[in-house]
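Structure assessment
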Amino acid sequence: MRPILILLAALAALAAPAHAQRVKDLGAFAGVRANQLVGYGIVVGLAGTGDDNLEYTIQGMKGAAERFGLVLPPNVNPTLKNAAAVMVTAELPPFAKPGQRIDVTVGAIGKAKSLRGGSLLMTPLRGADGQVYAMAQGTLAVGGLGVEGSDGSKVTVNVPSSGRIPDGASVEREVATGFADSAHLVFNLAKADFTTSERVAAAINARLGAGTARAVDAVSVTVAAAPGASVRTALMSDIENIQVVAAEPPARVIVNARTGTVVINSAVRVGPAAVSHGRLTVKIDEKPRISQPMPFSRGETAVEPSSRIAIEEERRPMFMLDPGPQLGDIVKAVNGVGASPADLVAILEALKEAGALRAELIVL
């Protein structure tokens, strides 16, 4: 029995399409996404590295004190070196339920030098609609470090003015996705491609029946589904694990002019062309000569300029690119003449202008 199972597993692996990907790796269903949250809060307990006398920090502390029945006189502004005004951000995952915990990121917005050792006071986190979806509070974990001496010298490691609170916020409101009651499900590709969109629709129809899915455009595929959360959950789980061979990406050459990085994908093709790339170096060497007069001649020491100019031309052989070479052929030909990344950029730009490079050249 065991040899038969091994043979069946091997045949199943051979039957799987080459370079196939799961549908869930190509995109996501509409409405099933994270939502950004943001809030304004106060961090306390700092070791003298807070905002000092910033007005909005003082107002925030007065508001926090008033919630506990402590009212400061209008003309009293406390010195708050141990507190800092911060912005708190978080990402609310899809289907998050009240009571679940999410991570939050805290960053200083004032003159606070470090948030190390601070604690965030209870801060409401709001969504784009202005509603409160989570409450954040807790002790910060700061990866940065800042040290300053009395003479003004200082050492800073990473960024001590920001930190994180793992599980620092509790979800208070659920975001309605609407996927259970919508007319149909919509699957959106992460990258627009008409071929991949058609292949996803065809794979879904092959699994669930003809007419179930329809490619709307290069991104969206609509899927007919019966209403009901449990029914659609099972359907989406089935669709996400369907294997699809994604279309080959467009031919692109990415050039980072700042770092000299060049990335060429496998779809790049080059037409027949002959390339000759050389380098001309001009060296100017200044060696002035000093003219010393004879003793007792009443002459003066003079400096006579002397320049030496040399021109060096590095000769490199011309190489031929055959029609339709692939990525490996291009790299082998360019490396054969010892071209540097900067030389490769110049060669690719020249091939593009000559019409021999059949790819989109993107310079970052």
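Everything that follows concerns the structure shown earlier in this document.
Let me begin by describing the structure that accompanies this report. Note that the structure is a prediction, hence the values are computed from the model and not measured.

**Side note on the overall build of the protein**
Check the secondary structure of the protein and you find six helices and 25 strands. Intrachain contacts of the protein at a sequence separation of at least 6 include 68% that bridge at least 24 residues. Here the protein displays about 22300 Å² of accessible surface, and carbon together with sulfur accounts for 56% of that area.

**So, the nonpolar core**
Core analysis: the biggest nonpolar cluster contains 24 residues, and Val106, Leu115, Leu120 and Leu125 have the highest contact counts within it. When residues of this core are traced back to their parent elements, those giving at least two are β3 (35–44), β4 (83–92), β5 (101–108), β6 (119–126), β7 (132–139) and β10 (162–171). Take this core: its biggest share by element is five residues, from β4. Leaving out residues up to four positions away in the same chain, Val106 has contacts with Val43, Val86, Met87, Val88, Leu115, Leu120, Leu140, Ser161, Ser162, Gly163 and Ile165. Judged by nonpolar contacts, the second largest core, of 21 residues, contains Leu185, Ala203, Val221 and Val244.

**Here we look at the sheet that holds strand β25 (residues 360–363)**
An order of β16-β15-β25 is seen for the three strands of this open sheet, with the pairing classed as mixed. The strands lining the two open edges of the sheet, one partner per strand, are β16 (261–264) and β25. On average, each strand axis in the sheet is tilted by 15° relative to the strand beside it, whichever way the strands run. Here strand β15 (residues 252–256) pairs with β16 via four bridges, running antiparallel. If you follow Ile254 over to β16, its bridge partner there is Val263.

**Thoughts on helix α4 (residues 229–240)**
Helix length check: α4, at twelve residues, gives a terminal C-alpha distance of 16 Å against a target of 16 Å (1.5 Å per residue), a fit within 8%. By the burial criterion, the buried members of α4 are Arg232, Leu235, Met236 and Ile239. Buried residues in α4, looked at end-on, bunch into an arc of 100°, giving them a common side. For α4, the elements touching its buried residues are β2 (27–29), β11 (185–189), α3 (194–208) and β13 (220–223).

**Details of the pattern of salt bridges**
In the structure shown here, the tally under the stated rule is five salt bridges. In this structure, the salt-bridge partner of Asp25 is Arg22, at a minimum N-O distance of 3.1 Å. Between Glu240 and Lys24 there is a salt bridge; the shortest N-O distance is 4.0 Å. In this pair, Glu240 sits in helix α4 while Lys24 sits in the loop between β1 (20–22) and β2, placing the two residues 216 residues apart along the sequence.

**Topic: the packing of α3 against α4**
Axis separation between α3 and α4 bottoms out at 10 Å; the angle between their running directions is 120°. Relative to α4, α3 is oriented oblique. In terms of crossing hand, the pair formed by α3 and α4 is right-handed. Each of Ile204, Arg207 and Leu208 in α3 lies in contact with α4, whose residues at this interface are Leu235, Asp238 and Ile239.

**Overview of the environment of Thr105**
Mapped onto the fold, Thr105 is located in strand β5. Linking Thr105 and Ala141, residues 36 residues apart in sequence, is a C-alpha distance of 9.6 Å. With residues up to four places along the chain from it excluded, the contact list for Thr105 reads Met87, Val88, Thr89, Gly163 and Arg164. Here Arg164 takes part through its side chain, which lies 3.0 Å from a polar atom of the side chain of Thr105.

**Comments concerning the sheet that holds β4**
Spatially, β3-β4-β5-β10-β7-β6 is the arrangement adopted by the six strands of the closed barrel, whose pairing is antiparallel. Put simply, the sheet's adjacent strands are angled 30° from each other on average, direction ignored. Bridging between β4 and β5 involves five bridges; their strand directions are antiparallel. Within β5, the residue paired with Val88 across the bridge is Val106.

Calculation notes
- Residues numbered from 1 in each chain as written.
- Predicted model: local features only at pLDDT ≥ 70, side-chain atom pairs only at ≥ 80, totals over all residues.
- Heavy atoms only, no water.
- Helix = DSSP H or I, 4+ residues; strand = E, 2+ residues; numbered from the N terminus.
- Contact = heavy atoms within 4.5 Å.
- Areas by Shrake-Rupley, 256 points an atom, 1.4 Å probe, with all protein chains shown as cover.
- Core = buried A, V, L, I, M, F, W, Y, C linked by side-chain atoms within 4.5 Å.
- Buried < 20%, exposed > 50% of the residue type's maximum accessible area, 1.4 Å probe, protein only.
- Pairing = 2+ DSSP bridges.
- Axes fitted to C-alpha atoms, helices over the stretch in contact; angles between N-to-C directions.
- Expected span 1.5 Å × (residues − 1).
- Arc of directions from axis to C-beta.
- Salt bridge = Lys/Arg side-chain N within 4 Å of Asp/Glu carboxyl O.
- Parallel < 35°, antiparallel > 145°, perpendicular 65-115°, else oblique.
- Left-handed = near helix turned anticlockwise from the far one by under 90°.
- Polar contact = N/O pair within 3.5 Å; in protein donor to acceptor, adjacent residues only side chain to side chain.

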